[in-house]
Amino acid sequence: MLALYFDGQPALKDLPRPAPGDGEVLVRVHLAGICGTDLAVLKGYHNFRGIMGHEFVGEVAGPADSPWLGQRVVGEINIGCETCERCRAGLARHCRQRRVLGLLNHDGAFAPYLTLPAANLHAVPPEVPDVWAVFTEPLAAALRVPELAPVSPAARVLVVGDGSLGLQIAWVLALSGAEIHLAGHHPEHLALARPRGVATFLAADLPAGDYDIVVEASGSPSGLELALTRVRPLGTVVLKSTYTNRYPLEPSALVVPEVRLVGSRCGPFAGALRLLKDGRIDPRPLISRTFPLARGLEALDWARRPGVLKVHLDCREGN
Ligand SMILES: [Zn+2]
Ligand SMILES: [Zn+2]
């Protein structure tokens, strides 16, 4: 099978179809999404080597005796060891020995087939088409924000960054009834948030005033700088961006105003699938372009262009 492989450089490689191990299934990938973390892999994130990609929707193609066979699925990306204290406490995503689909010691989704433990799968409801379901992973990551920093309807929240993840976070938080502001650099992206009741600003025009919660999803250290100047004393900054570089942080910026800085990564798939099934989130405006997997290198280049939102790969063989 032809897959998009990273070995210091991204390349299309002809590789054997993976064989599912104990407790694993083989998934035929339909669509995969390119996200900011994949672009971080290109710059050395986790020092990953292997087939890239972690956002996907597909259908279970094996083993022949799997109760999942033929089921359309999405899958959680963290694979824990299942035996350590963290895994037994339900924290496989924080297992020290964990593997992560397309990001850490496990081949990913930019391929016609991938393997995952059956325990990682979530069935996609028939009402949710593939182009929606492929957003389950990033939407779950957006839902992780209110899990870690509960947003009351009285809260004022600022989301920094108008990329695909920032927009999904703004949409999700707007469902809470709170006052949500989104700051970014692309008027055409900001426009996608306004119909959901989000007030939007070009970052330079952000009005004065403090926020109870600031979510940093800009993918750039300048976003964290902005977040720290706009959070109120005793407020919370939620950090979503996966910078690969070190960033100098003055501790007094947290200590003096007693600000909480919270890292946030993967979130609840079941909740994300419910939002998609009920039509409360329609992710289609986020799709910039879909490429066949055979043009995967062009797709990565496209995804790196400033102002591009979500790029999808059609991974079905023959496409
Ligand atoms: Zn991602
Ligand atoms: Zn473990």
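Residues numbered from 1 in each chain as written. Chains lettered and ligands numbered in written order. Predicted model: local features only at pLDDT ≥ 70, side-chain atom pairs only at ≥ 80, totals over all residues.

(A) Representation of the overall build of the protein chain. Helix and strand content of the protein chain: 10 helices and 19 strands. On C-alpha atoms alone, the protein chain measures out to a radius of gyration of 19 Å, which is about the 20 Å that the 2.2 N^0.38 rule sets for 319 residues. Put simply, the protein chain has 319 residues, and 47% of those count as buried. A separation of at least 24 residues holds for 66% of the contacts in the protein chain among residues at least 6 apart in sequence. (Helix = DSSP H or I, 4+ residues; strand = E, 2+ residues; numbered from the N terminus. Rg over C-alpha atoms; globule rule 2.2 N^0.38 Å. Buried ≥ 20, exposed ≤ 12 C-beta atoms within 10 Å, placed from the backbone. Contact = placed C-beta atoms within 7 Å.)

(B) The packing of helix H4 (residues 136-148) against helix H9 (residues 269-277), seen in detail. Viewed as axis vectors pointing N to C, H4 and H9 meet at an angle of 110°, and their least axial separation amounts to 8 Å. Judged by the inter-axis angle, H4 sits roughly perpendicular to H9. Across the interface between the two elements, Thr 136, Leu 139, Ala 140 and Leu 143 from H4 touch Phe 269, Gly 271, Ala 272, Leu 273, Leu 275 and Leu 276 from H9. (Axes fitted to C-alpha atoms, helices over the stretch in contact; angles between N-to-C directions. Parallel < 35°, antiparallel > 145°, perpendicular 65-115°, else oblique.)

(C) Looking closely at the domain arrangement of the protein chain. When its domains are assigned, the protein chain resolves into domain 1 (2-135 + 283-314) and domain 2 (142-263). Between the C-alpha centres of domain 1 and domain 2 the distance comes to 27 Å. Counting residues at the interface gives 11 residues for domain 1 and 10 residues for domain 2. When residues in the side of domain 1 that touches domain 2 are grouped by element, the largest group, 3 residues, is from helix H1 (residues 36-42). Across the side of domain 1 that touches domain 2, the residue classes tally to 5 nonpolar, 4 polar and 2 charged. (Domains from an automatic or database assignment. Nonpolar A, V, L, I, M, F, W, Y, C, P; charged D, E, K, R; others polar.)

(D) Up close: the sheet that holds strand E9 (residues 105-106). Across the sheet, 3 strands lie side by side as E7-E8-E9; this open sheet has mixed pairing. Since the sheet does not close on itself, it has two edges, and those belong to strand E7 (78-79) and E9, each with one partner. Judged from the 2 bridges that link them, E7 and strand E8 (residues 99-101) form a sheet pairing that is antiparallel. Residue pairing across strands places Asn 78 opposite Val 100, the latter belonging to E8. (Pairing = 2+ DSSP bridges.)

(E) Inspection of unusual backbone geometry at higher detail. Following Gly 62, the chain continues to Pro 63 via a peptide bond in cis, the omega torsion being -5°. Position of Pro 63 among the secondary structure elements: in the loop between strand E5 (55-62) and strand E6 (72-75). With a phi close to 55°, Asn 47 is a non-glycine residue in the positive phi region. Structurally, Asn 47 is set in the loop between H1 and strand E4 (50-51). What makes Asn 47 exposed here is the crowd of 8 C-beta atoms within 10 Å. At Asn 105, a position not held by glycine, the phi torsion is positive, near 55°. Inspection of the secondary structure assignment puts Asn 105 in strand E9. Taking the number of C-beta atoms within 10 Å as the measure of exposure, Asn 105 has 14 and is therefore partly exposed.

(F) Spotlight on the sheet that holds strand E14 (residues 199-202). Spatially, the 6 strands line up as an open sheet ordered E14-E13-E12-E15-E16-E17, and their pairing is parallel. In the strand order of this sheet, the two ends are held by E14 and strand E17 (260-263), each with one partner. Across the sheet, the axes of successive neighbouring strands diverge by a mean angle of 20°, strand direction being ignored. Two elements, strand E12 (residues 156-160) and strand E13 (residues 179-184), share 5 bridges in a ladder whose sense is parallel. Across the sheet, residue Leu 158 finds its bridge partner in E13, namely His 181. Along the sheet face, helix H5 (residues 164-174) touches E12, E13 and strand E15 (211-216) and points at about 170° away from the line of E13.

(G) The nonpolar core, seen in detail. Judged by nonpolar contacts, the single largest core of 92 residues is most densely connected at Phe 110, Val 159 and Ala 170. With 8 residues, H5 is the single largest residue contributor to this core. For this core, the two domains that each supply at least three residues are domain 1 (2-135 + 283-314) and domain 2 (142-263). (Core = buried A, V, L, I, M, F, W, Y, C linked by C-beta atoms within 7 Å.)

(H) Representation of the environment of Arg 72 within the structure. By secondary structure assignment, the location of Arg 72 is in strand E6. For Arg 72 and Leu 121, which are 49 residues apart along the polypeptide, the C-alpha to C-alpha distance reads 9.5 Å. Contacts of Arg 72, omitting those with residues within four sequence positions, involve Val 57, Glu 59 and Val 124.

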